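Structural characterization, general
Listed here are the chains, written in short residue letters.
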Number of protein chains: 2
Amino acid sequence: MQRILINEIPKHSGKDVLIQGRIINFRKLGGISFVLIQDYAGKIQTVWQEEINAKMSDSVEVVGTVKKEERARGGFEIVGKKIKIISTSAEEPPFDLSKTKLNLQLTTLLDHRPLSLRHPKVQAIFKLYDILLEAYETAMRDEGFTEIKTPKLLEAASEGGANFFKIHYFEKNAYLAQSPQFYKQIMVGVFERVFEIGPVFRAEPHFTTRHVNEYISLDAEMGFIKDYRDITETLNKIIVKIFGYLNEKGGPYLKEYGVEFVEAPEKIPYIKLSELREIIKKKYKYEIPGNIDIDPEAERLAGKYAKEEHDSDFIFITHYPFKDRPFYTMRSRENPEETYGFDLIYKGMEIATGSQRVHLYDELIKNMKEKKISGKGMEFYLDIFKFAMPPHGGWGLGSERIIQQILGLGSVKEAVLFPRDVKRLSP
Amino acid sequence: MQRILINEIPKHSGKDVLIQGRIINFRKLGGISFVLIQDYAGKIQTVWQEEINAKMSDSVEVVGTVKKEERARGGFEIVGKKIKIISTSAEEPPFDLSKTKLNLQLTTLLDHRPLSLRHPKVQAIFKLYDILLEAYETAMRDEGFTEIKTPKLLEAASEGGANFFKIHYFEKNAYLAQSPQFYKQIMVGVFERVFEIGPVFRAEPHFTTRHVNEYISLDAEMGFIKDYRDITETLNKIIVKIFGYLNEKGGPYLKEYGVEFVEAPEKIPYIKLSELREIIKKKYKYEIPGNIDIDPEAERLAGKYAKEEHDSDFIFITHYPFKDRPFYTMRSRENPEETYGFDLIYKGMEIATGSQRVHLYDELIKNMKEKKISGKGMEFYLDIFKFAMPPHGGWGLGSERIIQQILGLGSVKEAVLFPRDVKRLSP
């Protein structure tokens, strides 16, 4: 008999079929066994009139008759005839995967990641993540962006930042890319619109629920813009398309977390950072410390404000101070202390950062001088601005944070398959 | 006036339009100027009855009248009325981008990558690369694979290999992933079928036309296989779909390299490595040195054999010796000196490597002992084989090599935007 996939079962009503998959639930009820089996195409309940000699999590092959059953998920079940154990467990797992909720400490969940990932509720996170990737790839192509892959090994720890990991590279040192920033800007001079999905590495010694040291950034850069609004409006459009995808394909996975559907407004509201500071001081009695641009509490309150004033889960905060933004950020023409830099806040947390960039060589050099950046090792980047770069800008969107916020996960680490933090390099 | 995109021009026949883009060619012919302009959606010739005050590679805005013109690319041209320079070059470029062929040394081409990428023939490589990524993403999803992203920072230089880059990771050392091998296998226990598109890092001191130290691997891993043929047949199917995509969407880019269309057989031929050794010795008088499994010359001859005997650009070479394959490769049940490991050769070069993997804990430990691998730092990987892993296997497909071989590029470095080798870490 040939294996059929579980999503093909309805086509075989009343007939015998052979399926293969993993046992993801096992219940006995008055002499009858119910064995839930999952393959890569779906899940199906198999019913047995006898004691089954198999264990939770086993890889099995089942022969049985497809039966219409209104109470079953998908309207069908399999009346089991024969079960073969393809592969079984040699040890008791450290926790019970058949429970509806795992209820593990984050540390335990992550220490036993290869096993905890098998739980349907954990699986759901990464099924949504898969849909998110597909949605971003598709939406970006629809908008005329070309997919690129840029190097993660760099000669110099440029961008003026300190948070680079150092590598031994043959006889030299090298550094891991914090972002594809320089390369995606260069590519605007080639394809005008580019996007990249790739890992970024941040040597930041954070211990928070919103940071990891390696994550997947959804990057974009686009040319011939009028101003930063072209960027935010394009990002808005992409977010709406992504959420449409998640609703269309991710329903069952969202439901695992009690989410009926996800909503993104066609017109995300905007606020200038300086105005936001005033508003949250007046409205919520919270004052952002003077020496920083924004902090997590202010982001949370920006989210609250967006919800209360605009009935929106999203808000763009714009015009971040030049002192807090990288040298390549374009300064506001009205107030050179401010920039055309923005963040996108979703449910009270920053999920994207972007800006209009400087596209003129002299302006770039002036900005660097002011920030005391030498430019050593960045010549290849600076030089391209001598060759007719158009006005441009882009964003970096944190893929894992989107999922964290949609599902209300306690930590972004739950949205990373094998997260990396200061203490964790394994599994 | 609103900007329109160049691919929308046919809809505006006879009307005035405003376009923006980069000048990618500039010819003067008896008082008339022909200015070829490119935006992210296409290319269009603009014609001027006067001397144009603009330079090659400038970013410009043009207002003009759309005119039907049979001799023009796409059947239309723009009769220019007004040109505005949005951004111009401050320096003469180091080579002439308006020439049909750049004819640069590889070193020059790569040293000036931000500029050389603007040449239409170089652009074509990365437009095809974009289509390749889209094709792989789409084909893998069609076959039920879930997209995953696994960590590139590892605690241990495992897999038994020596070619790992070492990183300073806070107070510890870490290593850059050579492949997603362990993680994609673990994920077979979760989703049964997974794929990943991501960078891999190889600290191999190669100086060849077929190696770079960072490249994008198209990985896959699948469970519940009967034998290694399930893997090679799935890879065959994926290759056929990718080539279909390249023909459908990549025509103009392929033509830049004189390629009319690309062909992949529905049934790629197979040969055992031991047979291949005999055949190329007898037929082509070449003997693979006794201490290695295969070398580039033998791959070239395998390609020649596939073409001559099977009229195929592809051939699977199977049953590589256990001594030359990683410990997780399943040994042949008929001859334990051999494995169910394979390579896929395309036009005489290996583009993919794969195998059926060991899925039983005891067998894995036995293989490791034989290869004198300690298993330190690999516990998370080894332990999952105590929990009912199904028979499985997969491949790693070199994305850049596919493009190299399709276009007949002299070096794989031409198919990488910003390649990394022993000497090159910039741009």
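Preceding block: the structure.
Described below are features of the structure shown in this document. (Residues numbered from 1 in each chain as written. Chains lettered and ligands numbered in written order. Predicted model: local features only at pLDDT ≥ 70, side-chain atom pairs only at ≥ 80, totals over all residues. Heavy atoms only, no water.)

Quick word on helix α10 (residues 399–407) of chain A
Residue and element names in this part refer to chain A. The element α10 is largely enclosed, with a buried count of nine among its nine residues. Those residues of α10 not exposed but buried are Ser399, Glu400, Arg401, Ile402, Ile403, Gln404, Gln405, Ile406 and Leu407. Among the structural elements, α3 (120–142), β11 (214–223), α5 (228–255), β14 (341–346), β15 (349–356) and β16 (392–398) are those in contact with the buried residues of α10. Phi for Gly408, located one or two positions after α10, is positive at around 70°. (Buried < 20%, exposed > 50% of the residue type's maximum accessible area, 1.4 Å probe, protein only. Helix = DSSP H or I, 4+ residues; strand = E, 2+ residues; numbered from the N terminus. Contact = heavy atoms within 4.5 Å.)

Re the interface of chain A and chain B
Opposite the 93 residues of chain A that make contact, chain B presents 93 residues. Considering only the side of chain A, the residues that lose the most area to chain B are A:Tyr40, A:Phe387 and A:Leu425, jointly responsible for 10% of the buried surface there. Inspection of the chain A/chain B interface yields 10 salt bridges. In this structure, the salt-bridge partner of B:Glu134 is A:Arg141, at a minimum N-O distance of 3.6 Å. Between chain A and chain B we count 44 residue pairs in polar contact (both at pLDDT 80 or more) in total. (Buried area = accessible area lost by both parts, 1.4 Å probe. Salt bridge = Lys/Arg side-chain N within 4 Å of Asp/Glu carboxyl O. Polar contact = N/O pair within 3.5 Å; in protein donor to acceptor, adjacent residues only side chain to side chain.)

Side note on the pattern of salt bridges
Residues and elements named next belong to chain A. According to the stated counting rule, one finds 72 salt bridges over all chains in the structure shown. A salt bridge links Glu308 to Lys304; the shortest N-O distance between them is 3.3 Å. In this pair, Glu308 and Lys304 both sit in helix α7 (residues 296–310), four residues apart, roughly one turn of the helix. For Lys413, the salt bridge identified is with Asp421, shortest N-O distance 2.9 Å. Judged on exposure class, the residue Lys413 and its partner Asp421 are both buried.

Digging into the relation of the copies chain A and chain B
Placing chain A over chain B gives an RMSD of 0.0 Å and needs a rotation angle of 180°, together with 0.0 Å of translation along the axis. In symmetry terms, the pair is related by a two-fold rotation axis. Residue A:Ile167, judged by its C-alpha, is the member of chain A lying nearest the rotation axis, at 2.2 Å. (Least-squares fit on C-alpha atoms with pLDDT ≥ 70 in both.)

Details of the sheet that holds β16(A)
All names here are of chain A. Here eight strands make up an open sheet; going across it, the order is β6-β10-β11-β16-β15-β14-β13-β12 and the pairing mixed. Both edges of this open sheet fall to β6 (146–147) and β12 (270–272), since each of them pairs with a single strand only. Where β14 lies against β15, six bridges are found, and the strand directions are antiparallel. Bridge pairing in β15 links Tyr346 to Met349. Of the strands in this sheet, β6, β10 (193–201), β11 and β16 are in contact with α3, which crosses β10 at around 150°. (Pairing = 2+ DSSP bridges. Axes fitted to C-alpha atoms, helices over the stretch in contact; angles between N-to-C directions.)

Observations concerning the packing of aromatic side chains
Following the criterion strictly, the structure yields 38 aromatic pairs over all chains and no others. Aromatic pair A:Tyr183 and A:Phe380: ring centres 5.5 Å apart, planes at 25°, arrangement stacked. You can see A:Tyr183 sitting in helix α4 (residues 181–191) and its partner A:Phe380 sitting in helix α9 (residues 379–384), a full 197 residues away along the chain. No difference in accessibility class separates A:Tyr183 from A:Phe380, as the two residues are buried. Members of the aromatic cluster, connected to one another through ring pairs, are A:Phe182, A:Tyr183, A:Phe327, A:Tyr328, A:Phe380, A:Tyr381, A:Phe385 and B:Phe418. The aromatic ring of A:Tyr320 is capped on one face by A:Arg325, whose charged end is 4.1 Å from the ring centroid. Over the face of the ring belonging to B:Phe322 we find B:Arg331, whose NZ or CZ atom lies 3.9 Å from the ring centre. (Phe/Tyr/Trp six-rings, centres within 6.5 Å; stacked < 30°, edge-to-face > 60°. Lys NZ or Arg CZ within 6 Å of the ring centre and 35° of its normal.)

Brief notes about the nonpolar core
Core analysis: the largest hydrophobic core is formed by 87 residues, its most contacted members being A:Tyr136, A:Phe243, A:Leu397 and B:Tyr381. The greatest single-element share of this core, amounting to 12 residues, is contributed by α3(A). Other than its neighbours up to four places away in sequence, A:Leu397 contacts A:Tyr136, A:Ile216, A:Ser217, A:Leu218, A:Leu235, A:Ile239, A:Ile351, A:Ala352 and A:Ile402. (Core = buried A, V, L, I, M, F, W, Y, C linked by side-chain atoms within 4.5 Å.)

Concerning the sheet that holds strand β4 (residues 59–68) of chain B
Residues and elements named next belong to chain B. Strand order in the closed barrel made by the five strands is β1-β2-β3-β5-β4, with mixed pairing throughout. Here the strands of the sheet are splayed against their neighbours by 50° on average, with no regard to which way each runs. With 10 bridges joining them, β4 and strand β5 (residues 76–87) adopt antiparallel strand pairing. Within the sheet, the bridge partner assigned to Thr65 lies in β5 and is Val79.

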